[in-house]
Amino acid sequence: MLKSGFISPELGDSVITGLPDRKFFYQELFGAERVFDFSELPILTQPIRPPKTIAEYLNIQSEFFLNLSQFMNFDIINLKNYSAPPTYCTFTANDEMKAIGYEIPPNYFGQEFKQLSQRFKFSTQDEISQVVPSSAEVFIVIHHRYGASLENLRKLIAKFPSEVSKVIFSSNHVDLAKQLHIIQNISFLDNLKCYSTLLKDSRCRLLISEWSGGGQIAQYTLGPQGVVWYYYDHYPDIFNFTMTHKIWELNATLGTYFNCWDFKNVSGCSIRHFRDFESLISWTP
């Protein structure tokens, strides 16, 4: 919609996201003053926290926003139904999109889309230096998904020489830091903005992640100097992505942007898929 001019910061349009740490995705495009999150909305009584199951998603109707003074004169385009898509997507434009004249384009992928989809409000160099010192020539990042095995994380860390700097991104970073504090050249964080900025850093050579949204951020931020190693665990490789991911990556650029499994790679990184954790651990580059 932004690419097509149906929404625009020049028109006074705003974005509301569920969690505060998602705001940086939109602040570079709309300006910080026009990006809000649910925690800033009055009379919202539900707890604001990252959902771990579909049942924990906040399902807020458009009428809620229209009853707030700062949004009552807006046209609301509520994207809640697109937030947890089914395995096979049959989505079309919703009625609120159609009300402003917008239809899903038959093809979206192009240079302008790639440029817009990489414009985030990244962390400053000073903020990054608090996690990875400027003296580090290269580093790798491991996305440790909540509930994942601590023993598997130890195996991942041990797969690389101790002198290689490692960053563990996890919502459970405090407990992990306590349990792995004796390991050298390792740091922990749960800040999504900082994590995304680290992936963008030219020194970042590798991200290891379960196949999930947390890993797929690299497809928008990790440059051509970097590689993503995906492995399947919580979401098993029932579609044989390990063998067919190049076809999925191509198909993701050919039709509409409703590819429920996000294979869009706009940042230029390389990607390798492993059918499970043990396949990754036993693989030798």
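Heads up: the structure comes first, above all this text.
Right, let's walk through the structure included here. Keep in mind that what you see is a predicted model, and the values were worked out from it rather than measured.

This next bit is on unusual backbone geometry. A positive phi angle is found at I43, which is not glycine, with a value near 60 degrees. Following the sequence through the fold, I43 ends up in the loop between β2 (35-37) and α2 (62-66). The backbone of N185 sits at a positive phi, close to 55 degrees, despite the residue not being glycine. Considering the arrangement of structural elements, one finds N185 in the loop between α7 (173-179) and β5 (186-189). Here N185 falls in the partly exposed class, since its relative accessible area comes to 39%.

Residues of helix α6 (residues 150-158) that are buried include every one of N152, L153, L156 and I157, and no others. Viewed along the axis of α6, the buried residues span an arc of 140 degrees, placing them on a single side of the element. Structurally, α6 contributes buried residues whose contacts are with β3 (139-143), β4 (165-169), α7, β5, β6 (204-210) and α12 (277-282). Capping the start of α6, S149 holds a side-chain oxygen 3.2 Å from the backbone nitrogen of E151, two or three residues further along.

A few words now on helix α8 (residues 192-200). With respect to burial, α8 is a largely interior element, seven of its nine residues being buried. Of the positions making up α8, those classed as buried are L192, C194, Y195, S196, T197, L198 and L199. Where α8 begins, the side chain of N191 points an oxygen toward the backbone nitrogen of K193, at a separation of 3.0 Å.

Here the focus is the pattern of salt bridges. Throughout the structure, instances matching the rule amount to nine salt bridges. A salt bridge links E40 to K23; the shortest N-O distance between them is 2.9 Å. Of the two residues, E40 sits in the loop between β2 and α2 while K23 sits in the loop between β1 (15-17) and α1 (24-30), which places them 17 residues apart along the sequence. Across the pair E278 and K155 runs a salt bridge whose closest N-O atoms are separated by 3.8 Å. Taken as a pair, E278 in helix α12 and K155 in helix α6 lie far apart in primary sequence, 123 residues in all. By relative accessible area, which is 44% here, E278 ends up partly exposed. Beyond isolated ion pairs, a larger network of salt bridges with shared partners links K23, D37 and E40.

As a further point, take the pairing of β6. Every regular strand shows the same layout, with side chains that alternate between the two sheet faces. Where burial is concerned, most of β6 is hidden: six out of the seven residues are buried. Two elements, β3 and β6, share five bridges in a ladder whose sense is parallel. Bridging across to β6, F139 finds its partner in C204. Pairing between β6 and strand β7 (residues 227-231): five bridges, direction parallel. Looking at β7, one finds that L207 is bridged to V228.

So, how was this worked out
- Every chain begins its residue count from 1, and numbering advances along the sequence as written.
- Two thresholds apply to this predicted model, a pLDDT of at least 70 for residue-level local features and 80 or more for giving and counting side-chain atom pairs, whereas whole-chain, interface and lining totals are computed over all residues.
- Based on all heavy atoms of the structure, the side-chain values leave hydrogens and waters out of the count.
- The helix count covers DSSP runs of H or I at least four residues long, the strand count covers runs of E at least two residues long, and both are numbered beginning at the N terminus.
- Remark: exposure states derive from per-residue accessible area (1.4 Å probe, protein chains only) relative to the maximum for the residue type, with buried under 20%, exposed over 50%, and partly exposed in between.
- This arc is taken over the directions from the axis of the helix to the C-beta atoms.
- Note on contacts: a residue pair is in contact if any heavy atoms of the two residues lie within 4.5 Å.
- Pairs of N or O atoms within 3.5 Å make up the polar contacts considered here, provided that, within protein, one atom can donate a hydrogen while the other can accept it, and that residues adjacent in sequence are counted only when both atoms are side-chain atoms.
- Think of a salt bridge as a Lys or Arg side-chain nitrogen and an Asp or Glu carboxyl oxygen that are within 4 Å of each other.
- The rule for pairing is simple: two strands pair if DSSP sees at least two bridges between them.

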